[in-house]
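Residues per chain, in single letters:
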Amino acid sequence: MGIEEFGGGQSQQSDVLVVTTNDVPGHTVQQVIGEVFGLTVRSRHLGSQIGAGLKSMIGGELKGLTKTLVETRNQAMERLVAQAKARGANAVLMMRFDVTEAADVGTEVCAYGTAVVLTRT
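Residues numbered from 1 in each chain as written. Predicted model: local features only at pLDDT ≥ 70, side-chain atom pairs only at ≥ 80, totals over all residues. Heavy atoms only, no water.

## Section: the nonpolar core
Link 1 in the chain: If you look at the biggest cluster of nonpolar residues, it comprises 16 residues, and the most contacted ones within it are V18, L80, A84 and V92.
Link 2 in the chain: Within the residue set of this core, elements represented by two or more residues are β2 (27–43), α3 (63–86), β3 (91–102) and β4 (106–120).
Link 3 in the chain: If you tally residues by element for this core, the top one is α3, at 5 residues.
Link 4 in the chain: What V18 contacts, discounting residues up to four positions off in sequence, is Q10, M77, L80, V81, V92 and M95. (Core = buried A, V, L, I, M, F, W, Y, C linked by side-chain atoms within 4.5 Å. Buried < 20%, exposed > 50% of the residue type's maximum accessible area, 1.4 Å probe, protein only. Helix = DSSP H or I, 4+ residues; strand = E, 2+ residues; numbered from the N terminus. Contact = heavy atoms within 4.5 Å.)

Structural data, given as C-alpha cells:
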C-alpha cells in the first residue's frame with residue numbers, strides 16, 4: 001500500500017478550509033452558519049471479512065479494511081465540504097469523525113464540524 005492509499009485529508013485546491021481547531025490564525029470568524037456533517041455507511045464484503053478473520057489469528061495490519069476505512073472517511077469528508085459550501089461557508093472548524101457499527105451490517109462514518117465564514121485579519 002502506498003502513502004496515497006492509507007492517508008487522507010483535504011486537497012490543497014479545496015474552496016472550504018477544514019480544520020480540527022477552534023480558530024484559524026490570521027483569520028476572524030465573520031459568521032457562524034452552524035453544524036454540518038457528511039455521512040456514509042459501508043458494508044463489509046465477504047472476502048474482506050474472511051481475510052480479516054484469518055489475519056487476526058496471526059496478527060498484523062488488516063490492509064484491506066484499512067484501505068476501505070480511509071476511502072469511507074474521505075467520502076464523509078467530501079460530503080461535509082459539499083454541505084458547508086452549499087450553505088455559504090468557506091471553512092469548517094472543529095471537524096471530527098465519529099465511527100460506529102450500523103446494525104451489524106456495516107460501518108457508519110460521520111465527519112462533522114461547525115460551518116463558518118472566515119476573513120483574513
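## Comments concerning α3
Link 1 in the chain: Taking 1.5 Å per residue, 24 residues should reach 34 Å; α3 reaches 35 Å between its end C-alpha atoms and fits that length.
Link 2 in the chain: Listed as buried for α3 are V70, T72, A76, M77, L80, V81 and A84.
Link 3 in the chain: Of the residues one or two after α3, G88 is the one with positive phi, at around 95°. (Expected span 1.5 Å × (residues − 1).)

## A word on the sheet that holds β4
Link 1 in the chain: Read from one edge to the other, the open sheet built from 4 strands follows the order β1-β3-β4-β2, with strand pairing classed as mixed. Each edge of the sheet is formed by a strand with only one pairing partner; in this case those strands are β1 (17–18) and β2.
Link 2 in the chain: Two elements, β3 and β4, share 10 bridges in a ladder whose sense is antiparallel. Looking at the pairing, F97 lines up with A111 of β4.
Link 3 in the chain: Contacting β1, β2, β3 and β4, α3 runs over the sheet at an angle of about 140° to β2. (Pairing = 2+ DSSP bridges. Axes fitted to C-alpha atoms, helices over the stretch in contact; angles between N-to-C directions.)

## Comments concerning unusual backbone geometry
Link 1 in the chain: Its identity as a non-glycine residue notwithstanding, M94 has a phi of 55°, on the positive side.
Link 2 in the chain: You can see M94 is positioned in strand β3.
Link 3 in the chain: For M94, a relative accessible area of 34% corresponds to the partly exposed category.

## Let's talk about the pattern of salt bridges
Link 1 in the chain: All chains considered together, the criterion is met by 1 salt bridge.
Link 2 in the chain: With a shortest N-O distance of 2.7 Å, K85 and D15 are connected by a salt bridge. Of this pair, K85 sits in helix α3 while D15 is found in the loop between α1 (3–6) and β1, placing the two residues 70 residues apart along the sequence. (Salt bridge = Lys/Arg side-chain N within 4 Å of Asp/Glu carboxyl O.)

## Considerations on the confidence of the model for the protein chain
Link 1 in the chain: Here the protein chain averages 85 in pLDDT, while 80% of its residues score no lower than 70.
Link 2 in the chain: Confidence scores differ between elements of the protein chain, with helix α2 (residues 46–58) showing the lowest mean pLDDT of 55 and β1 the highest of 96. (pLDDT = per-residue confidence, 0-100.)

## A closer look at the side chain of T40
Link 1 in the chain: Position of T40 among the secondary structure elements: in strand β2.
Link 2 in the chain: Of note is the side chain of T40, whose polar atom sits 2.8 Å from the side chain of Q75.
Link 3 in the chain: Look past the residues within four positions of T40 in its chain and what remains in contact with it is T72, Q75, A76, R79, T107, E108 and V109. (Polar contact = N/O pair within 3.5 Å; in protein donor to acceptor, adjacent residues only side chain to side chain.)

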